[in-house]
Each structure stands twice: as C-alpha cells, then as structure tokens.
Amino acid sequence: MARTDALVLGAGIVGVSIALHLAKRGLSVALVERAGLGEQTSYGNAGVIEGNTIFPPAFPSDPAALLRIALKRAGEANYHLSFLPQVAPWLLAFRAASQPERLAETARLIRPLFSRAVAEHELLMAESGATRYLRKTGWLKVYRNEKSFAALTREFDLADKFGLPLQALNTEQALGLEPSLNPVFPKAVFWTEAASISNPLAVTRAYAQRFTALGGVTVVGDALTLHRADGRWRVETNEGALDAGQCVVALGPWAPDLLDRLGVKLPLGIKRGYHRHFRALGNAALSRPVLDADAGYLITPMEQGIRITTGAEFASRDAKPTPVQFDRLMPKIHELFPVGERADDKTWLGSRPCFPDSRPVIGHAPSLPGLWLAIGHAHWGLTLGPATGRLIAEMMTGAAPFCDPSPYRAERFS
Ligand SMILES: Cc1cc2nc3c(=O)[nH]c(=O)nc-3n(C[C@H](O)[C@H](O)[C@H](O)COP(=O)(O)OP(=O)(O)OC[C@H]3O[C@@H](n4cnc5c(N)ncnc54)[C@H](O)[C@@H]3O)c2cc1C
C-alpha cells in the first residue's frame, strides 16, 4: 500500500487541473481514473472558454417555448417522458433559480470564477505547451428573432457593470467577422473577450502530461472503492491500494455514484448533450464558435471538423442515446452555415453535471474530514477547470484563496 498527500478521483478537465495545481504546490498526488484521461464529458464539449458568461441558461419563461419543448418540437431541448417523475424536483428547483432576481444573484456569485477563466487556462497552457489550441477570437451569438435580441437589455446592463466588453452587431457587421455565415439573422452579439479551444481532449492531455512531469502519478482505478482506513482515504487501483490524508472527488456526472455511498446527498442533476462533426462545403470556414441562439445549438470549428453541439436533454445519464434534436436542427443549421458531409460516423453523447442553481460545488464535503468536492460545472467545466484547480488547491494547502469560495460550498443545499 502506497501513500500520497492527495488523491484526485476523475481525470476530466476539472480533476486534471486540480491534480496539476496540487503538484505545482509540491504535494505528492495520485490521479485516479477508470477510463482514458479527458475522454468523457471533457472531450466532447463545444470548446468555449466562457469568461464572459453572465447569466446561466434558465428555465424557459415563455409559454410558447415551453409548449414547443413539451411537444418535442424544440431544437434546444429534449426529454425522456419516463424520466420526468425522477427529474421533477430538480426541474422545480431549477425553475425557482431562474427567476430574474435569482439569476442576477447567480451572475454576481459566479463572476469571480469566470473572470479568471481565460487567464488561468493561459497560465496552464504556457507551461504545458498547449497554447496552440487557444483561440482568443471571441464568441459570436446570432439572433434570428428581434424579440430575443431586445430581451438582452438586462444582460447588457450587467455586462457594463462587470466591465465586460461586447459589440451589438447587425447582419453585415457579423458577416464581416464570419463571412461564411448566411444572413438569416438580423442581430448578433460579439463577446470579444471570450476564447475557445480547437481540441479540448488535447488540452486536458497536455495538462495531464505537465502533471506527470512535475512528479504526479496517474493510475487506473475505481473511485467507488474509496473508503476510510486508519483515519485516511483509501482507494483500490491496478497498482494496489493508495492512501492519502486528502481526497478530491472530481467525477463529473458520475459523482453521485460515490457520494450516495458516502452519505453525501446533493441535488446534482444532468443535462445530456450531443455532438456531431461535419465537413464545411467548399471554402466555408469559421474563426470562432457561433451560437444560433433562437435555434438552440452551437457550431464551432475544431481540429476534427465543424462540431455542432446540442442543448439540454433531460434523460437518465445511462439511458440509450436519442439524438433527435439533430433531426429538428439540421434544416436550421443548413440555413446558417454550409455544412457538408459528416466527418464522424457516431454521434457523441455527454452529460453536463448541473446543480439547480447553476453554481458548482468547490470545497469540503460536509462532515467528511479530508474529503473535497469539485463537481457540478454544468455548461462550463472546460471554462472553469483551471480556475477551480487553483481555488481548491489554495484551500487544500491553507493558502489565501484567490476569490471567496463560500458561494460554492456544498452546505448551501443543507
Ligand atoms: C454538448 C456539450 C457541450 C459543452 N460545451 C461546453 C463549452 O463550450 N464550454 C465549457 O466550458 N463547457 C462545456 N460543456 C461542459 C463541460 O464539458 C463539462 O462541464 C466538463 O467536461 C465537466 O468536466 P469534469 O472533469 O467535471 O467531468 P468529466 O470530464 O466527465 O470527468 C469525470 C471523469 O471521472 C471519471 N470517472 C467516473 N466514474 C469513475 C470511477 N468510478 N472511477 C474512476 N474514474 C471515474 C470519468 O471516466 C471521467 O473521466 C459542454 C458539455 C456538453 C455535454
């Protein structure tokens, strides 16, 4: 049986960033993963580093939008009927957190983390040799509907208050940025300081290599074997048992599998999402991610091709994939951008781990000494991985945290 200072369970972007930050502070760290590094949720996302996020996605307030979703006609969302009784309490809590004053409060509480998102990636990228994957070309959101653009006033006001630059554009100005788009939208917003990544898997792997170079150890093991032994945390791995005084759970959507066993009850839900890769027709190209806001999908240039990601699907994490949103979205996608043939033969499915208040949990596990949680990064795990790694490493080593961690405490649910 070997001993380390800290165990990190789960090697997605969140776990890898934490392990790297702990190793940078001189701790001996074992990163425990049962599959490949960064190959789950952290692989298939849209690659946006949303340092500019203001409001989290909200429960729809427009009855027409709700009806479209209920009738399974919406591109932005889907659900499995059989899953609704199970997810109903989470949806009610999500709806309550989507009231305007709660959204404004969330915007304020998540800002310190988001404001460090791009900078913390840049620091890790510089030391990991991964800067070539970073595009500091902003994020373009296009609006087909004047009404939905007009509804952005509150967001613009808060952006101004937070000092976040944005440009409200007409069609022509947006086409100046992305000439391959078709003019099917009257309005757009260019978030100039958002960034994106051309290959999320490569970035996670680069951070993991840097972790190894600093003396960190990556082992294959099952986090569900975690238990208390002699006042420490112990996990079984292919290399044998590993013990540590401190352990971080960074299991993304799988966190409840372990936490339920340990008696930690937290309302972690999931929003499933899909992606497909396409070739662009002719010379068509994109320089940045583009959100087709009213249609509810994101189109983003990746090394693998043009990646299109879908919005939320409410279904059991392990239920069979049902990528019906693509059937609803394809006509809209063809209207906006000249996509050609598929560049992959399988539709990817991932599960965003989400708390109803859209804030992650970063901090101590209630009543379990030495156990830490870094879960529930929802739509922003890629964005917030490095900032989370820094924050939790500072807390674990007794350093002054770079921001107040209290909004991310698990105890807010008790
Ligand atoms: C369609 C889609 C688009 C998205 N777009 C964006 C975006 O543009 N920008 C953004 O910031 N975020 C985006 N996200 C969200 C982001 O991908 C997630 O928030 C993030 O990947 C979560 O990272 P994680 O490390 O917490 O989880 P994961 O990447 O899932 O990592 C958890 C790890 O734990 C491991 N594990 C699970 N169980 C065990 C076990 N028993 N033993 C050992 N290991 C185990 C898994 O194998 C996995 O590697 C998107 C998500 C989706 C689905």
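Residues numbered from 1 in each chain as written. Predicted model: local features only at pLDDT ≥ 70, side-chain atom pairs only at ≥ 80, totals over all residues. Heavy atoms only, no water.

J.: How should the overall build of the protein chain be read in this particular structure?
T.: Looking only at helices and strands, one finds 13 helices and 22 strands in the protein chain. In summary, the protein chain has a C-alpha radius of gyration of 21 Å against a globular reference of 22 Å for 414 residues, a match within 12%. In terms of overall dimensions, the protein chain has C-alpha extents of about 65 × 45 × 45 Å along its principal axes. Every one of the 414 residues in the protein chain was classed for burial, and the buried ones make up 57%. Within the protein chain, counting contacts between residues at least 6 apart in sequence, those at least 24 apart form 77% of the total. The protein chain carries 45 positive and 39 negative side-chain charges, and their two centres are separated by 2 Å. (Helix = DSSP H or I, 4+ residues; strand = E, 2+ residues; numbered from the N terminus. Rg over C-alpha atoms; globule rule 2.2 N^0.38 Å. Buried < 20%, exposed > 50% of the residue type's maximum accessible area, 1.4 Å probe, protein only. Contact = heavy atoms within 4.5 Å. Lys, Arg positive; Asp, Glu negative; His and termini not counted. Charge placed at Lys NZ, Arg CZ, Asp CG, Glu CD.)

J.: Would you explain the side chain of K271 in this entry?
T.: Mapped onto the elements, K271 comes out in strand β14 (residues 269-280). An unpaired buried charge is present at K271: no salt bridge exists, and D357, the closest side chain of opposite charge, is 10 Å distant. Polar side-chain contacts of K271 include one of 3.0 Å to the side chain of H379. Beyond its immediate chain neighbours, meaning those up to four positions away, K271 contacts P57, W90, F94, A312, E313, F314, G350, S351, R352, C354 and H379. (Salt bridge = Lys/Arg side-chain N within 4 Å of Asp/Glu carboxyl O. Polar contact = N/O pair within 3.5 Å; in protein donor to acceptor, adjacent residues only side chain to side chain.)

J.: How do you make sense of the packing of aromatic side chains when you look at a structure like this?
T.: The geometry of an aromatic ring pair is captured by the separation of the ring centres together with the interplanar angle, meaning the angle of the planes. Counted under the stated rule, the structure contains 8 aromatic pairs. Seen in terms of ring centroids, F59 and F94 are 6.3 Å apart; in terms of plane orientation they differ by 75 degrees. Their pairing is edge-to-face. Taken as a pair, F59 in the loop between β3 (48-49) and α3 (63-70) and F94 in helix α4 (residues 84-97) lie far apart in primary sequence, 35 residues in all. Given a relative accessible area of 5%, F94 falls into the buried group. The interplanar angle of 25 degrees and the centroid separation of 5.1 Å between the aromatic rings of F355 and F413 together place this pair among those described as stacked. With F355 in the loop between β20 (348-354) and β21 (361-364) and F413 in the segment after α13 (381-396), this pair connects stretches of sequence that are 58 residues apart. We classify F355 as buried; its relative accessible area is 1%. Through pairs of rings, three or more aromatic residues link up here, namely F59, W90, F94 and F314. A cation over a ring is seen here: K72 above Y79, with NZ or CZ 4.3 Å from the ring centre. Directly above the aromatic system of F278 lies the positively charged group of R342, at a separation of 6.0 Å from the ring centroid. (Phe/Tyr/Trp six-rings, centres within 6.5 Å; stacked < 30°, edge-to-face > 60°. Lys NZ or Arg CZ within 6 Å of the ring centre and 35° of its normal.)

J.: Hey, could you run me through the packing of helix α6 (residues 117-128) against helix α10 (residues 200-213) in this one?
T.: For any two helices packed against each other, one specifies the inter-axial angle together with the distance between the axes. α10 packs onto α6 with a crossing angle of 65 degrees between their chain directions and a minimal axis gap of 9 Å. The crossing of α6 and α10 is left-handed. Here H121, L124, M125, E127 and S128 of α6 lie close against α10, whose contacting residues are V203, A206, Y207 and R210. In terms of residue class, the contact of α6 with α10 is made up of 5 nonpolar, 2 polar and 2 charged. (Axes fitted to C-alpha atoms, helices over the stretch in contact; angles between N-to-C directions. Left-handed = near helix turned anticlockwise from the far one by under 90°. Nonpolar A, V, L, I, M, F, W, Y, C, P; charged D, E, K, R; others polar.)

J.: Explain the pairing of strand β1 (residues 2-9) here, please?
T.: Residues in a regular strand project their side chains so that they alternate between the two faces of the sheet. Across 7 bridges, β1 lies against strand β13 (residues 240-249) in parallel orientation. Note on β13: the bridge partner recorded for T4 is A244. Pairing of β1 with strand β2 (residues 29-33), which is carried by 4 bridges, proceeds in the parallel orientation. Of the residues in β2, the one forming a bridge with A6 is V29. Handedness of the crossover is the feature at issue here: the chain leaves β1, passes through helix α1 (residues 13-24), returns alongside β2, and the resulting connection is right-handed. (Pairing = 2+ DSSP bridges. Right-handed = clockwise from strand over helix to strand, strands pointing away.)

J.: Sorry, what's going on with the site of the ligand here?
T.: Not every one of the 35 residues close to the ligand is listed here, only the nearest: E33, T41, S42, V48 and T383. Contact between the ligand and I13: an oxygen atom at 3.4 Å from a main-chain N or O atom of the residue. Within the backbone of G381, a nitrogen or oxygen atom sits 2.9 Å from an oxygen atom of the ligand. Contact with the protein chains hides 98% of the accessible area of the ligand, taken as 1,000 Å² for the molecule alone. (Near = heavy atom within 4 Å. Areas by Shrake-Rupley, 256 points an atom, 1.4 Å probe, with all protein chains shown as cover.)

J.: Would you mind showing me how to read the pattern of salt bridges here?
T.: Where charged atoms of side chains with opposite charge meet at close range, the side chains can pair. In this structure the tally under the stated criterion is 23 salt bridges. Between R342 and D344 there is a salt bridge, with its nearest N and O atoms 2.8 Å apart. Overall, R342 belongs to the partly exposed group, its relative accessible area being 32%. In this structure, a network of salt bridges that share partners links the residues R25, R116, E120, R390 and E394.

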